[in-house]
Amino acid sequence: MHRATLPFQLALSLALASPLLADDWPQWLGPRRDSVWRETGIVEKFGSNGPAVLWRAAIGAGYSGPSVSEGRVYVMDRQLADGASNPSDPFARGAISGNERVVCLEESTGKQLWKHEYDCPYTISYPAGPRVTPLVSGGKIYALGSEGNLFCLQAKDGKVVWSKDFKKEFDIKTPLWGFSGHPLIDGNRLICLAGGQGTTAVAFDKDTGKEIWRALSAKEPGYSSPMICEAGGKRQLIIWHPEAANSLNPETGEIYWTERFESRAGMTIATPRQLGEHLLFTTFYSGSLMMRLDKDKPAATVIWRTEKPSEKNTTHLNAVMCTPFLDGDYIYGVCSYGQLRCLKTETGERVWETFKPVTAGEPVRWANAFIVRNGDRYFLFNEKGDLIIARLTPEGYEEICRAHLLEPTNTAAGRDVLWSHPAFSNRRMYARNDKELICVDLAKAK
């Protein structure tokens with residue numbers, strides 16, 4: 001009897017000794033680019049004082065979220081030149097002197113390990129700083145600045161491997177709110193949203209910077225990010241610009257299908273989301289478009305769409321900066337005035353809405369929260385700097401706990417906001433405002 005239990009006891013001891021699942025967060029929306037945090041051993045509920053802030057690191061301004069990889073944290077920021085200042089009206093455009101930076105910090109302490117800094121006068125509206133989260137892959141960092149400066153840097157020391165200037169390379173102008181599409185690694189390709197005639201989407205060799213292909217034309221590139229979906233027996237590259245949703249062959253740039261879906265002011269921002277045969281697009285002015293991906297070939301048909309666009313009297317989901325989450329038969333996302341909404345995936349029918357997690361009860365234009373799922377719960381980081389743990393189900397919004405972690409230091413629509421996506425890695429959250437980047441402990445107590 002004793003001998004029979006030995007294998008079980010050995011297996012049990014090994015299971016107890018094995019480390020919990022831990023993941024890096026090396027790019028926009030996480031390791032699989034799907035807003036899912038797959039680590040285990042995460043806190044169930046905050047204590048009365050909230051989660052502990054393990055360190056704080058001083059950084060400059062920007063909307064760029066941090067990325068985390070192999071014991072390092074990467075983020076982009078902006079340093080104004082001496083005597084320069086941003087206009088009091090964030091919509092105003094001018095020529096503002098300053099530098100952009102890619103900053104590398106030690107993940108365990110927040111100590112700065114290196115920085116790459118370059119001169120970058122701003123001509124954009126909302127000129128706080130860079131928009132794009134650094135992408136970490138294969139020992140390299142890929143960073144895209146607001147004025148179209150693309151850099152491939154060595155992760156170990158920040159030295160430049162290759163670089164591009166989109167405005168010079170493609171003879172284009174900076175979009176109103178800057179270059180904001182997060183680059184995508186696919187095989188040996190770095191796929192970017194650039195802009196212009198025939199160069200709205202461009203693929204570079206990720207190691208050399210050599211152009212592989214260029215595709216699509218649009219008056220404005222928009223601000224959404226490329227994504228890959230698999231359907232119809234093909235891997236499809238989805239590029240959404242302010243005139244249409246497009247599916248391309250990621251290896252060649254060949255267009256598989258296009259569906260007209262216009263967005264005013266170039267405001268294609270949210271990343272398209274796929275779940276099975278469903279592919280969702282959502283934008284502030286025009287509402288939502290739901291496509292059904294063909295099972296047999298790279299094609300798609302419209303399931304439902306917003307027919308009477310309105311930024312306030314909304315029918316479906318008019319997301320501004322919130323990339324929504326598709327969870328089975330339901331969609332969760334933040335609408336144009338801060339409403340967290342639940343819709344039916346197949347029909348777009350609204351199931352419920354609440355202002356509680358985003359605006360605390362009243363409509364606020366462009367109000368936002370970022371949504372990340374962990375297990376059967378969601379972590380929402382709102383524009384006030386609050387981190388919320390909640391359950392989102394067809395039955396409604398159930399808030400488990402919340403903690404105020406960062407001050408909103410940017411100004412928009414007459415209020416202070418925090419519009420930078422956090423990263424979740426090593427059972428911690430990394431988040432920034434325009435003054436500091438913090439590391440927050442979210443591990444379950446041992």
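For clarity, every value in this text was computed on a predicted model and none was experimentally measured. (Residues numbered from 1 in each chain as written. Predicted model: local features only at pLDDT ≥ 70, side-chain atom pairs only at ≥ 80, totals over all residues. Heavy atoms only, no water.)

Trainee: Lay out the overall build of the chain in plain terms, naming residues and giving numbers.
Mentor: Helix and strand counts for the chain stand at two helices and 34 strands. Here the C-alpha atoms of the chain give a radius of gyration of 22 Å, agreeing with the 22 Å that 2.2 N^0.38 yields for 446 residues. C-alpha atoms of the chain, sized along the principal axes, occupy 75 × 50 × 45 Å. Relative to its full complement of 446 residues, the chain shows a buried share of 59%. Partitioning the intrachain contacts of the chain with sequence separation of at least 6 by distance along the chain shows that 57% fall at a separation of at least 24. Within the chain, one finds 53 positive and 52 negative side-chain charges whose respective centroids are separated by 1 Å. (Helix = DSSP H or I, 4+ residues; strand = E, 2+ residues; numbered from the N terminus. Rg over C-alpha atoms; globule rule 2.2 N^0.38 Å. Buried < 20%, exposed > 50% of the residue type's maximum accessible area, 1.4 Å probe, protein only. Contact = heavy atoms within 4.5 Å. Lys, Arg positive; Asp, Glu negative; His and termini not counted. Charge placed at Lys NZ, Arg CZ, Asp CG, Glu CD.)

Trainee: Which residues make up the pattern of salt bridges, and what are the values?
Mentor: Pairing between side chains becomes possible if they bear opposite charge and their charged atoms approach one another. The final tally for this structure, using the stated rule, is 29 salt bridges. For the salt bridge of glutamate 243 with arginine 260, the shortest nitrogen-to-oxygen distance reads 4.0 Å. You can see glutamate 243 sitting in the loop between strand 15 (234-241) and strand 16 (244-248) and its partner arginine 260 sitting in strand 17 (residues 255-260), a full 17 residues away along the chain. On the accessibility criterion, glutamate 243 (19% relative accessible area) is buried. The class for arginine 260 is partly exposed, based on a relative accessible area of 47%. Residue glutamate 399 pairs with arginine 402 through a salt bridge whose shortest N-O separation is 2.9 Å. (Salt bridge = Lys/Arg side-chain N within 4 Å of Asp/Glu carboxyl O.)

Trainee: Describe in detail the side chain of arginine 189, supporting the description with residues and values.
Mentor: With respect to the secondary-structure elements, arginine 189 resides in strand 11 (residues 189-193). Judged by its relative accessible area of 10%, arginine 189 falls in the buried class. Engagement of the side chain of arginine 189 in a polar contact is seen with the backbone oxygen of proline 250, the distance being 2.9 Å. Ignoring anything within four residues of it in the chain, the contact list for arginine 189 reads Leu184, Ala203, Phe204, Lys206, Ile212, Trp213, Pro250 and Glu251. (Polar contact = N/O pair within 3.5 Å; in protein donor to acceptor, adjacent residues only side chain to side chain.)

Trainee: Got a sec to walk through the nonpolar core? Specific residues and values, please.
Mentor: Core analysis: the biggest nonpolar cluster contains 34 residues, and Leu387, Phe424, Met429 and Leu442 have the highest contact counts within it. Examining the composition of this core, we find that four residues originate from one element, strand 34 (residues 436-441), more than from any other. Methionine 429 has contacts with Phe381, Leu387, Leu405, Pro422, Ala423, Phe424, Ile438, Cys439, Val440 and Leu442, leaving out every residue within four places of it along the chain. If you look at the next biggest cluster of nonpolar residues, it comprises 19 residues, including Val36, Cys342, Ala367 and Leu380. (Core = buried A, V, L, I, M, F, W, Y, C linked by side-chain atoms within 4.5 Å.)

Limitation: the analysis is restricted to geometry and does not speak to function.
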